[in-house]
Structure formats: C-alpha cells, structure tokens
Amino acid sequence: MILIFGHITNPVALFLLGAIVACVLEYLTSYGMEKLFHARWWDYSKRLLNINGRVCLLGAVVFGLFSVLLILIIHPVICGWVDAVPILYRRVLTVVIFAGFIVDTVSSVCGMVDFQKKMEEHAAALEKRKAIAIGRLKDSAAYETIKQRRNTLSENLTYQQLRMIEAFPKLKLHRHNDLLVELRKTISKKRNQH
C-alpha cells in the first residue's frame, strides 16, 4: 500500500483504493491457496456483500480504513524513527527481516504440504480399519484401533500444524475434511483433559 499509494494524501481516495486493492489481493490469495493446498482457509459466505465467500464488505471497509491510517498517520511516524537509525543498521535489519520472512514462508508451505501428506496417510489407514471393522460387524478390537489411529494423528502433528488448525477455525479441506473435523474434536478433548 505504501509503495503504490504513498504519494496520495486524499483520505477518501486512499480509503477507496486501499479497499479495492486489498480485496483483490485477498481474493487472489484465497483462490491461489485453495488451488495450491486443496483447502479453504477462510469463508465469508455468511457476511454481507461477499464475493464467493473470499472477500466481503466488512473486510473492504477495514482494509480501506487501515490504508488511510497506515499512509497518513502510522507510516510518517515510523519513517521518522527509521531515519534516525544509521543506514548500515537499516540495511542489516532489512536483510534479517527479509530472511525471517522467507524462512517463515518456506516453513509454512512445507508444514502444510507435510500436513496434507499426514492427512492422506491417516485417511487411508482409517479407511482400511473401517473396512475391517465393517467386515467383522463392528468387531470391538477394530473399532478401538480406529479411535487409537485418530489419537495418533493428533500426536504426530507438529506444533506449527496444530497452531495452524487453531488459527484457522474455518479451514476446510477438499479431501478428508471429515478427518479434520474429527481431529479438531480429538485436540479439543485432549486440551480439556489437561
């Protein structure tokens, strides 16, 4: 926003342009993440004036207001602080922050790919166990194995994957979403027991 609209001083223009650009970016991000990870990260379908549940009026208003605050109030203050820091330190800090951003992005993508792989593996194992259980007319040993397998999944997830599940309560997987629902229940039960 600062690079694109930093030269604009009219608050109404900033509000409208900020809302539009941020909503386009949010829509494209939602679409891209859904295609890449086969999951829906957020859903505004129940919000007023939404577009395919990816963006909504409330989000546009918040993005517009924040664009005005960022460019007219926050950014000038921060520029004053940053200008007081020697150029060498600014460059080093920029490299460190950028490296942190890259590491976080790569870590998040790898974590989600690994999460999907674990979901696939556990879904396949559960389907096998379900078939065995149905074939044996709900043999109690097979049923207990299914319950144990669900518990095993929550224990095999990394801290980042568990945090991701909690941070995105509206996350829906296109494949094995029923397993994700059960996983949330298992995690919730374990948290309530502690």
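Residues numbered from 1 in each chain as written. Predicted model: local features only at pLDDT ≥ 70, side-chain atom pairs only at ≥ 80, totals over all residues. Heavy atoms only, no water.

**Considering the state of the cysteines**
Moving on, step 1. For the structure on display, the rule yields 0 disulfides.
Moving on, step 2. The cysteine C56 is free of any disulfide, with C23 supplying the nearest cysteine sulfur at 7.5 Å.
Moving on, step 3. Note on C56: relative accessible area 5%, which makes it buried. (Disulfide = S-S within 2.5 Å. Buried < 20%, exposed > 50% of the residue type's maximum accessible area, 1.4 Å probe, protein only.)

**Details of a nonpolar patch on the surface**
Moving on, step 1. On the surface, a nonpolar cluster with roughly 800 Å² of combined accessible area is contributed by F66, L69, L72, I73, I74, V77, I78, W81 and V82.
Moving on, step 2. Examined against the element boundaries, I73 turns out to sit in helix α3 (residues 57-83). (Patch = residues over 30% accessible without salt bridge, like charges linked within 9 Å, V, L, I, M, F, W, Y side chains within 5 Å. Areas by Shrake-Rupley, 256 points an atom, 1.4 Å probe, with all protein chains shown as cover. Salt bridge = Lys/Arg side-chain N within 4 Å of Asp/Glu carboxyl O. Helix = DSSP H or I, 4+ residues; strand = E, 2+ residues; numbered from the N terminus.)

**Describing the packing of helix α4 (residues 87-135) against helix α7 (residues 177-193)**
Moving on, step 1. Packing of α4 against α7 leaves a shortest axis separation of 10 Å and a crossing angle of 95 degrees. Taken together, α4 and α7 sit at an angle that is classed as roughly perpendicular. Facing F115, M119, H122, A123 and L126 of α4, the residues of α7 in contact are L179, L180 and L183. (Axes fitted to C-alpha atoms, helices over the stretch in contact; angles between N-to-C directions. Parallel < 35°, antiparallel > 145°, perpendicular 65-115°, else oblique. Contact = heavy atoms within 4.5 Å.)

**Observations regarding the pattern of salt bridges**
Moving on, step 1. For the coordinates displayed, the defined rule picks out 8 salt bridges.
Moving on, step 2. Residues R54 and E34 are paired through a salt bridge, measuring 2.9 Å at the closest nitrogen-oxygen approach. On the criterion of sequence distance, the pair formed by R54 in the loop between β1 (39-40) and α3 and E34 in helix α2 (residues 11-37) is long-range, its members being 20 residues apart. Per residue, the accessibility class of R54 equals that of E34, and both read buried.

**Focus: the packing of aromatic side chains**
Moving on, step 1. Within this structure, the stated rule accounts for 2 aromatic pairs.
Moving on, step 2. Judged by centre distance (6.1 Å) and plane angle (80 degrees), the ring pair of F37 and W41 falls under edge-to-face.
Moving on, step 3. In this structure F37 comes out as buried when scored by relative accessible area, which is 7%.
Moving on, step 4. For W41, a relative accessible area of 6% corresponds to the buried category.
Moving on, step 5. Summarising the aromatic geometry, the rings of W41 and F168 are spaced 5.0 Å apart at their centres and angled 80 degrees between planes, so their arrangement reads as edge-to-face. One end of the pair, W41, is in the loop between β1 and α3; the other, F168, is in the loop between α6 (159-167) and β2 (172-173), with 127 residues separating them in the sequence.
Moving on, step 6. For F168, a relative accessible area of 29% corresponds to the partly exposed category. (Phe/Tyr/Trp six-rings, centres within 6.5 Å; stacked < 30°, edge-to-face > 60°.)

**What to know about the packing of α4 against α6**
Moving on, step 1. It is the contact of α4 with α6, at a shortest axis distance of 10 Å, that shows an interaxial angle of 85 degrees. Between α4 and α6, the crossing angle belongs to the class labelled roughly perpendicular. Contacts between α4 and α6 involve S107, S108, G111, M112, D114, F115 and K118 on the former and, on the latter, Q160, Q161, M164 and I165.
Moving on, step 2. In the contact of α4 with α6, the residues fall into 4 nonpolar, 5 polar and 2 charged. (Nonpolar A, V, L, I, M, F, W, Y, C, P; charged D, E, K, R; others polar.)

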